[in-house]
Amino acid sequence: ELNEESARDIGRAVAKLSNAGKVVVGRDMRLSSLSLHQALIDGLLQGGAIVDDLEEVPIDAVYFAVGKFGYDAGVMVTASHNPAEYNGFKIVGKAVAVVRGVEIKNLITDSVSGVLVGTSSERNIWPDYIAHLLSFVDQSSFRPLKVVVDAGNGMAGKVIPQLFVNLP
């Protein structure tokens, strides 16, 4: 069962996977994401990791941060496209986008104390992330349009306003 205790365990396991390196963490807007997110960070800190917290971002912002800023790992608290009552973790490394649950389970130990030995800070990657998104298009070829976006229940609702201020 995924709860705060298991989120802390997963955080300690990811700290081991990253050799207590630099880990970036994000979360989606599900109601359960905030408490799982904080417990995950606590586990990462217990494992000695250096954590940068992106707070509410889309998953591709975590992928972007890992690649652009050289984090050893990234974790997104999300159940992706699954219904709102579910939640989970997407764990990525510098070169791989998949860490299997059995690998995490094998890394979880009960011997780690509750002492926080790592460090944590918030990081605002929005300007870099928006610039990255805009790098995919030739903005000079755009003509003014009226556009309606249905961001659904996803994190696009945080991205679209920041992206659109840069478009005609």
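Here goes a summary of the coordinates provided. (Residues numbered from 1 in each chain as written. Predicted model: local features only at pLDDT ≥ 70, side-chain atom pairs only at ≥ 80, totals over all residues. Heavy atoms only, no water.)

**Let's talk about the overall build of the protein**
Put simply, the rule reads: Under the scheme used here, helices are H or I runs from DSSP no shorter than 4 residues and strands are E runs no shorter than 2 residues, and both carry numbers assigned from the N terminus. Classification of residues uses two cut-offs on accessible area relative to the type maximum, computed with a 1.4 Å probe and protein chains only: under 20% is buried, over 50% is exposed, and between them is partly exposed. Contacts were defined at the residue level, with two residues in contact if any of their heavy atoms lie within 4.5 Å.
Each helix and strand counted, the protein has 6 helices and 5 strands in total. Along the protein, from the amino end to the carboxyl end, the secondary structure elements read α-β-α-β-α-β-β-α-β-α-α. Classification of the 168 residues of the protein by burial places 39% in the buried group. Partitioning the intrachain contacts of the protein with sequence separation of at least 6 by distance along the chain shows that 76% fall at a separation of at least 24.

**A short note on the sheet that holds strand β1 (residues 22-27)**
Keep this limit in mind: Paired strands are those between which DSSP finds at least two bridges. With axes taken as lines fitted to C-alpha atoms, and helix axes fitted only over the stretch in contact, angles between N-to-C directions fall between 0 and 180 degrees.
If you walk across this open sheet you meet the 5 strands as β4-β3-β1-β2-β5, and the pairing is mixed. At either margin of the open sheet sits one strand with a lone partner, and together these are β4 (89-93) and β5 (119-122). Geometrically, the sheet is characterised by an average inter-axis angle of 20° between neighbouring strands, direction not taken into account. Across 6 bridges, β1 lies against strand β2 (residues 50-56) in parallel orientation. If you follow Lys22 over to β2, its bridge partner there is Ile50. Seen against the sheet, helix α1 (residues 4-17) touches β1, β3 (73-77) and β4 and runs at an angle of roughly 5° to β4. Taken strand by strand, helix α2 (residues 33-46) contacts β1, β2, β3, β4 and β5, and its axis lies near 170° from that of β1.

**Focus on the pairing of β2**
Keep this limit in mind: Crossover handedness is defined here as right-handed if the route from the first strand over the helix to the second strand goes clockwise, with the strands pointing away from the viewer.
One crossover worth recording links β1 to the parallel β2 by way of α2, and it is right-handed. Here β2 runs beside β5; their pairing, made up of 4 bridges, is parallel. Residue pairing for β5: Asp52 is matched across the bridge by Ser121.

**Quick word on the nonpolar core**
What counts here: Here, nonpolar core means buried Ala, Val, Leu, Ile, Met, Phe, Trp, Tyr and Cys residues that are tied together by side-chain atoms lying within 4.5 Å of each other.
One finds Val14, Val23, Leu40, Leu44 and Phe89 to be the most contacted residues of the largest nonpolar core, which totals 19 residues. Those elements that provide at least two residues to this core are α1, β1, α2, β3 and β4. Those residues in contact with Leu40, other than ones at most four positions away along the chain, are Ala7, Arg8, Ile10, Gly11, Val25, Val75, Val77 and Phe89. Listed in part, the 18 residues of the second largest apolar core include Leu54, Val62, Tyr71 and Leu134.

**Let's talk about the side chain of Thr78**
Heads up, the condition is: Whenever two N or O atoms come within 3.5 Å, that pair is a polar contact, provided that in protein one can donate a hydrogen and the other can accept it, and provided that, for residues adjacent in sequence, both atoms are side-chain atoms.
Checked against the element boundaries, Thr78 lands in the loop between β3 and β4. Of the residues examined, Thr78 reaches a relative accessible area of 9% and is grouped as buried. A distance of 2.8 Å separates a polar side-chain atom of Thr78 from the backbone nitrogen of Ser80. With residues near it in sequence (within four places) discarded, Thr78 still touches Asp28, Arg30, Asn87, Gly88, Phe89 and Lys90.

**Here we look at the environment of Pro144**
With respect to the helices, strands and loops of the structure, Pro144 is situated in the loop between α5 (126-134) and α6 (156-164). Judged by its relative accessible area of 66%, Pro144 is exposed. Counting along the chain gives 23 residues from Pro144 to Leu167, while the straight-line C-alpha distance between them is 7.9 Å.

**Some details on the pairing of β4**
Counting buried residues along β4, 4 of its 5 residues qualify, which places the element largely inside the surrounding structure. Pairing geometry for β3 and β4, over 5 bridges, is antiparallel. In the strand pairing of β4, Val77 is matched with Phe89.

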